[in-house]
Amino acid sequence: LPFAVPLPHVDRLQIRIDGAFGDWEYVTGVNDTLNAGINQNVDLVAYKMLSDTFNLYFYMSVAGTAFGDYAGDTARIFIDTDQDASTGYSIMGLGADYEIRVFGHAGTVESSSCLRFDNSRPQNDFNGFFSYCPSVPHTSATLEDNEMFEVRVSLDSIDMAATQPVSAVFYMAD
């Protein structure tokens, strides 16, 4: 489901992309139910997002191990920054202007980037995204939290003001 809420502003030191997830404890998010028959390493059970003056932060938790498959798993966060469904990649009623893509395997992140949608392409063109700016991911620093990961992208990098509303669709696949 799309996760669309006004983002609360936080002290920049509140969320750290460091593989420790206690800083997310009091952030409101969405809890999802387990999906029988789906690979637990890509079955999203919780996701959250938050911003401060400088960054947009995302948290995801799966039923199994984040990026736990040997062949690899990919997390995608589709971000609608202009709240206009007629621009960007069309997904679940949103017009995603950006996509954060994180790939990893065997419990380790291998790559992460933020891509921008080329609005000259058809809205249903999944390949319409191009590499745009870096994103900073982190999986768990301990084995006990290996189902979670977090990622951030700079607001400046995605031409977004701190007060601007944002919507996102969280997606994970093997």
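To keep things clear, this report deals only with the structure shown in the data block.

Rules used in this analysis
Residues numbered from 1 in each chain as written. Predicted model: local features only at pLDDT ≥ 70, side-chain atom pairs only at ≥ 80, totals over all residues. Heavy atoms only, no water. Helix = DSSP H or I, 4+ residues; strand = E, 2+ residues; numbered from the N terminus. Buried < 20%, exposed > 50% of the residue type's maximum accessible area, 1.4 Å probe, protein only. Contact = heavy atoms within 4.5 Å. Pairing = 2+ DSSP bridges. Axes fitted to C-alpha atoms, helices over the stretch in contact; angles between N-to-C directions. Phe/Tyr/Trp six-rings, centres within 6.5 Å; stacked < 30°, edge-to-face > 60°. Lys NZ or Arg CZ within 6 Å of the ring centre and 35° of its normal.

1. Regarding the environment of Thr53
Then comes step 1: The topology assignment puts Thr53 in the loop between strand 3 (44-51) and strand 4 (55-62).
Then comes step 2: For Thr53, a relative accessible area of 55% corresponds to the exposed category.
Then comes step 3: For the pair formed by Thr53 and Ala162, sequence separation is 109 residues and the distance between their alpha carbons is 5.2 Å.
Then comes step 4: With sequence-adjacent residues up to four places away left out, Thr53 is seen in contact with Leu155 and Ala162.

2. Description of the sheet that holds strand 3
Then comes step 1: Reading across from one edge, 2-3-4-12-11 is the order of the 5 strands in this open sheet, with antiparallel pairing throughout. Since the sheet does not close on itself, it has two edges, and those belong to strand 2 (29-31) and strand 11 (136-139), each with one partner. On average, each strand axis in the sheet is inclined to that of its neighbour by 10 degrees, with strand direction left out of account.
Then comes step 2: Judged from the 3 bridges that link them, strand 2 and strand 3 form a sheet pairing that is antiparallel. Each residue of the ladder has a partner; that of Val30, found in strand 3, is Tyr47.

3. Some thoughts on the packing of aromatic side chains
Then comes step 1: Evaluation of the coordinates by the stated rule reveals 13 aromatic pairs.
Then comes step 2: Taken together, a centroid distance of 6.0 Å and an interplanar angle of 50 degrees make the contact between Phe78 and Phe129 tilted. A residue pair is termed long-range when its members are at least 10 positions apart, and Phe78 in strand 5 (residues 73-80) and Phe129 in strand 10 (residues 129-133) qualify at 51 residues. In this pair, the class of Phe78 matches that of Phe129, namely buried.
Then comes step 3: Consider the rings of Tyr89 and Phe126, whose centres lie 5.9 Å apart with planes at 70 degrees: the pair is edge-to-face. With Tyr89 in strand 6 (residues 89-91) and Phe126 in the loop between strand 9 (108-117) and strand 10, this pair connects stretches of sequence that are 37 residues apart.
Then comes step 4: Judged by its relative accessible area of 11%, Tyr89 is buried.
Then comes step 5: A cation over an aromatic ring shows up here: Lys48 above the ring of Tyr59, its NZ or CZ 5.2 Å from the ring centre.

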